[in-house]
Amino acid sequence: MSLLPVAEAQARLLDSAAPIHRVESVPLDMAEGRVLAKDLTARLTQPPFDASAMDGYALRFDDAAMPGSELQVIGASAAGHAFDGSVGKGEAVRIFTGAPVPTGADSVLLQEDAVRLDGDRIKTSYPLRKGQHIRPRGQDFLEGEAVLSTGTVMDFSRLTVAAAMNHPALDVYRRPLVAILATGDELVAPGNEPGPSQIIASNTFGIAALARNAGAHVLDLGIVADDSDEITAAIGRAQVAKADIIVTLGGASVGDHDLVQATMISAGMKLDFWRIAMRPGKPLMVGSLGDIHVLGLPGNPVSSLVCGLLFLEPLIRKLASLPVIKREGIARAAVPFAANDQRQDYVRATLTKAADGGWLAEPFSKQDSSMMKVFSRADCLVVRPPHAPQLDIGSPTPVIVLRPDLLG
């Protein structure tokens, strides 16, 4: 099988995916980042009454249109404690922000625009505008109004309005479940003492974090030895859990000790493609096991994470009905880049601001796909297409930003 271009591989993967529209109800305080499965309508009107927007005096415009008007203060209206009565000719009610406007009043005079006189009387010192400083009933929303639509991603402002509409729980689309399986006799979990031929398993933690940040739940299937029966058993656990995606880490190539692909096929996986024209990350495997998407990531940590960014993150977000995270940007080369071969390169680099406000990308001198320390310090991946010519200093180049907040 020839190497598949990255863009074609991404398109084939995403074309095979459809959003998960199974619905679940979650408490409001657990709904951040979730996607509404139906329109959210108001269960009440907000504000439920004409309310004062300021501290001052509720009165009739006709009694206080011009400065120098004198009025009798007949009571007070505070938030949660409405004035029990009505405002008549020549009368005013002391009122506070958020309090109901009394019957008969049609305007609120700011407290600093009133001079207090003896005998609970005030005199206006500033012209009044009819209706000023009153929030009319229903100004925000009306009972039965559809305020948030299906597909809305709940964030801090939308959670606030959902609460104000009196919704203690929300119907949202279920998050995708990603089952992660690390394979290899050489792997031991962090905290253990590795043997003479062993290393610490690290990929699971980065891929799990990437999956959660993309909007998924994660099931860690653990570390499985290079044994077909153990791999088959782990696949079965993912199927029982009704995983939407199985991610394997390592062992997806076709060497003597690479058993994942053959075992997955024996378990019923339909192989779509593997081996991508990219560096790092060539031995990527994509297939399906019934309704489960299968993504076999390379064992090298950096290769695994780069493939996770390019393939797993967009797959999860499509299944979750979430918008794509914008990672693409343009930077200028801080140093020359050599001409490229037939594979698309993803070069680990740092970003610095140029004097004109643009970004400068400077690659690390070492690009080995096993070097996690370098990758942890990188701000971006400089994208070098197949057969790209030499890139001179100052030339623009596409980048994938690893921390999107850098884009501003």
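As annotated in an unreviewed UniProt entry, the protein carries the name Molybdopterin molybdenumtransferase and is attributed to Rhizobium miluonense. You can read under Function (unreviewed entry) in the UniProt record for the protein the words "Catalyzes the insertion of molybdate into adenylated molybdopterin with the concomitant release of AMP." UniProt, in the comment section headed Pathway (unreviewed entry), describes the protein in these words: "Cofactor biosynthesis; molybdopterin biosynthesis."

## Description of the overall build of the protein
Counting secondary structure elements, the protein contains eight helices and 26 strands. Taking 22 Å as the expected radius of gyration for a compact globule of 408 residues, we find that the protein reaches 31 Å, considerably beyond that expectation. Viewed in the frame of its principal axes, the protein has a C-alpha envelope of about 100 × 55 × 40 Å. Counting the 408 residues in the protein, one finds 45% classified as buried.

## Considerations on the pattern of salt bridges
Applying the stated criterion across every chain, the model contains 12 salt bridges. With its nearest N and O atoms 3.3 Å apart, the salt bridge here joins D171 to K38. Remark: K38 occurs in the loop between β1 (23-27) and β2 (40-41) and D171 occurs in strand β12 (residues 169-173); sequence separation between them is 133 residues. Its relative accessible area of 46% is what places K38 among the partly exposed residues. Taken together, the salt bridges that share partners define one network made up of E8, R12 and D272.

## Digging into the sheet that holds strand β20 (residues 285-289)
An order of β16-β13-β17-β21-β20-β18 is seen for the six strands of this open sheet, with the pairing classed as mixed. Strands at the two margins of the open sheet, each flanked by one partner only, are β16 (217-224) and β18 (270-274). Between one strand and the next, the sheet's axes are offset by a mean angle of 20 degrees, whatever the strand orientation. Inspection of the sheet shows strand β17 (residues 245-249) paired to strand β21 (residues 292-297) by five bridges, in the parallel sense. Across the sheet, L249 pairs through a bridge with L297, a residue of β21. Contacting β13 (177-183), β16, β17 and β21, helix α4 (residues 203-214) crosses the sheet at an angle of about 170 degrees to β13. Against the sheet, helix α7 (residues 301-319) contacts β13, β17 and β21, and its axis sits at roughly 165 degrees relative to β21.

## Here's the deal with the sheet that holds strand β4 (residues 56-59)
Reading across from one edge, β7-β4-β6-β5-β9-β8 is the order of the six strands in this open sheet, with mixed pairing throughout. With one partner strand each, in any of the chains shown, β7 (107-110) and β8 (114-117) form the two edges of the open sheet. The mean inter-strand angle of the sheet, taken between neighbouring strand axes irrespective of direction, is 40 degrees. Two elements, β8 and strand β9 (residues 121-124), share four bridges in a ladder whose sense is antiparallel. Each residue of the ladder has a partner; that of L117, found in β9, is R121.

## Examining a negative patch on the surface
Taken together, D185, E186, D227, D229 and E230 make up a surface patch of like negative charges. Tracing the backbone through its elements, the reader meets E230 in helix α5 (residues 228-240).

What counts and how
- Residues numbered from 1 in each chain as written.
- Predicted model: local features only at pLDDT ≥ 70, side-chain atom pairs only at ≥ 80, totals over all residues.
- Heavy atoms only, no water.
- UniProt positions renumbered as here; feature names shortened; annotations may be inferred.
- Helix = DSSP H or I, 4+ residues; strand = E, 2+ residues; numbered from the N terminus.
- Rg over C-alpha atoms; globule rule 2.2 N^0.38 Å.
- Buried < 20%, exposed > 50% of the residue type's maximum accessible area, 1.4 Å probe, protein only.
- Salt bridge = Lys/Arg side-chain N within 4 Å of Asp/Glu carboxyl O.
- Pairing = 2+ DSSP bridges.
- Axes fitted to C-alpha atoms, helices over the stretch in contact; angles between N-to-C directions.
- Contact = heavy atoms within 4.5 Å.
- Patch = residues over 30% accessible without salt bridge, like charges linked within 9 Å, V, L, I, M, F, W, Y side chains within 5 Å.
- Areas by Shrake-Rupley, 256 points an atom, 1.4 Å probe, with all protein chains shown as cover.
- Lys, Arg positive; Asp, Glu negative; His and termini not counted.
- Charge placed at Lys NZ, Arg CZ, Asp CG, Glu CD.

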